[in-house]
Amino acid sequence: QLQESGPGLVKPSETLSLTCTVSGDSISSSAFHWDWIRQSPGKGLEWIGSIFYNGITYYNPSLKSRATISIGTSRSHFSLILNSVTAADTAVYYCAREPLAYNYAADSWGQGALVTVSS
Amino acid sequence: DIQMTQSPSSVSASVGDRITITCRASQAVGNRVAWYQQKSGKAPQLLIYAASRLQSGVPSRFSGRGSGTDFTLTISSLQPEDFATYYCQQANMFPRLLTFGGGTKVEIK
C-alpha cells in the first residue's frame, strides 16, 4: 500500500514537499521503480519522475529541473520536492509502484493528495 | 518526445455494448503500453500492461492489443461499473519518460 502526505496548500514561488509511505513492500527491492504522477483538476495524467532502489532518478523534462525525488533514510518512504511552484502545479499528486516485470506500468497507486498553489 | 494520441475523447454506450479505445504513438514503443481505468475522485487502476497482459483481478471482458505504434483497449460487454475514464500510457526507454494519453470518458447512453 502507498499513502501520500504533505501540505495541501503551498504559496506561489515556494516549495512543494510530499512523502509517500510504502507498506507491505521494501523500497530496497530491485523489483520496483517508485513513481510520482500528478493530475491537474479536470485534466489528464502527467508523470513527474521515478526513483529506483539504488537512488537513480528519472524526471520529466517538462518540469525543467524543478523536481527532486529521494528515498527516506528509513527506506519506508520516498519523497517529492518541487521548487518554484505556480498555480499550474495545482494538482492531485499520486505516488505509485512500478514493477520492472510490468514493462513500465504502475500496478499500485496511493489515494492521491490534492495540493493547491495559492497565496 | 513520444506523443500518445488517444481516441475518442468520449463515447456514449449502453450496458452490453462492445467498445474499443485507440492509442497511437508518434513512434514505435514496442509493447510498452498500459491501460488504466479511473473513476471520479479515485486513483487510476491498472487494467492491461505490456500491451496485452491482463492485470490480476481484472475481468476478462477487458482486452488489449497492439504493438509498435497502434494499440487498442476493448471492453467486450460494458457493465455498469465500467463507466469511467480510461487512459493509455506508453514508455520511452532512453531517456526514461512515461507519457499518458488524453483519456477517454465512457458515458452511459
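A brief look at the structure comes next. (Residues numbered from 1 in each chain as written. Chains lettered and ligands numbered in written order. Predicted model: local features only at pLDDT ≥ 70, side-chain atom pairs only at ≥ 80, totals over all residues. Heavy atoms only, no water.)

## Concerning the sheet that holds strand S3 (residues 19–25) of chain B
All names here are of chain B.
No. 1: As summarised here, the arrangement of the 4 strands in space is S1-S3-S8-S7, forming an open sheet in which the pairing is antiparallel. Sheet topology places strand S1 (4–7) and strand S7 (62–67) at the edges, where each strand pairs with a single neighbour. Strand-to-strand twist of the sheet, defined as the mean angle between neighbouring strand axes without regard to direction, takes the value 15°.
No. 2: The pairing of S1 with S3 spans 4 bridges and is classified as antiparallel. Residue pairing for S3: Thr5 is matched across the bridge by Arg24. (Pairing = 2+ DSSP bridges. Helix = DSSP H or I, 4+ residues; strand = E, 2+ residues; numbered from the N terminus. Axes fitted to C-alpha atoms, helices over the stretch in contact; angles between N-to-C directions.)

## Here's the deal with the sheet that holds strand S8 (residues 77–82) of chain A
Backbone-to-backbone hydrogen bonds join strands into a sheet, with any given pair of strands oriented parallel or antiparallel.
Residue and element names in this part refer to chain A.
No. 1: Taken together, 4 strands build an open sheet; the order of strands is S1-S3-S8-S7 and the sheet is antiparallel. The open sheet has two edge strands with one neighbour each: strand S1 (2–5) and strand S7 (67–71). The average undirected angle you get between the axes of adjacent strands in this sheet is 20°.
No. 2: Where strand S3 (residues 16–22) and S8 come together, 6 bridges link them in antiparallel fashion. Its bridge partner lying in S8, Leu16 is registered against Leu82.

## Details of the state of the cysteines
Such a bond, covalent and formed between the sulfur atoms of two cysteines, is termed a disulfide.
All names here are of chain B.
No. 1: Enumeration according to the criterion identifies 2 disulfides over all chains in this entry.
No. 2: The disulfide partner of Cys23 is Cys88, and the S-S distance across this bridge is 1.8 Å. Because the sign of the S-S torsion sets the handedness, a value of about -80° for the bond joining Cys23 and Cys88 places this disulfide among the left-handed ones. Separated by 65 residues along the polypeptide, Cys23 in strand S3 and Cys88 in strand S9 (residues 85–92) bring together distant segments of the chain. (Disulfide = S-S within 2.5 Å.)

## Some remarks on the side chain of Gln37(B)
All names here are of chain B.
No. 1: Its place among the elements puts Gln37 in strand S4 (residues 33–38).
No. 2: According to the relative accessible area criterion, Gln37 is buried, its value standing at 9%.
No. 3: Among the polar contacts made by the side chain of Gln37, one reaches the side chain of Tyr86 at a distance of 2.9 Å. (Buried < 20%, exposed > 50% of the residue type's maximum accessible area, 1.4 Å probe, protein only. Polar contact = N/O pair within 3.5 Å; in protein donor to acceptor, adjacent residues only side chain to side chain.)

## Overview of the nonpolar core
No. 1: In terms of nonpolar packing, the biggest core is built from 26 residues, with Leu16(A), Trp34(A), Trp36(A), Phe78(A), Leu80(A) and Tyr93(A) touching the most fellow members.
No. 2: Considering each element in turn, this core owes the most residues, 4 residues, to S3(A).
No. 3: Beyond its immediate sequence surroundings of up to four residues, Tyr93(A) is in contact with Glu4(A), Leu16(A), Leu18(A), Ile37(A), Arg38(A), Ile48(A), Leu80(A), Leu82(A), Gly112(A), Ala113(A) and Val115(A).
No. 4: Judged by nonpolar contacts, the second largest core, of 24 residues, contains Ile2(B), Ile48(B), Ala51(B) and Val58(B). (Core = buried A, V, L, I, M, F, W, Y, C linked by side-chain atoms within 4.5 Å. Contact = heavy atoms within 4.5 Å.)

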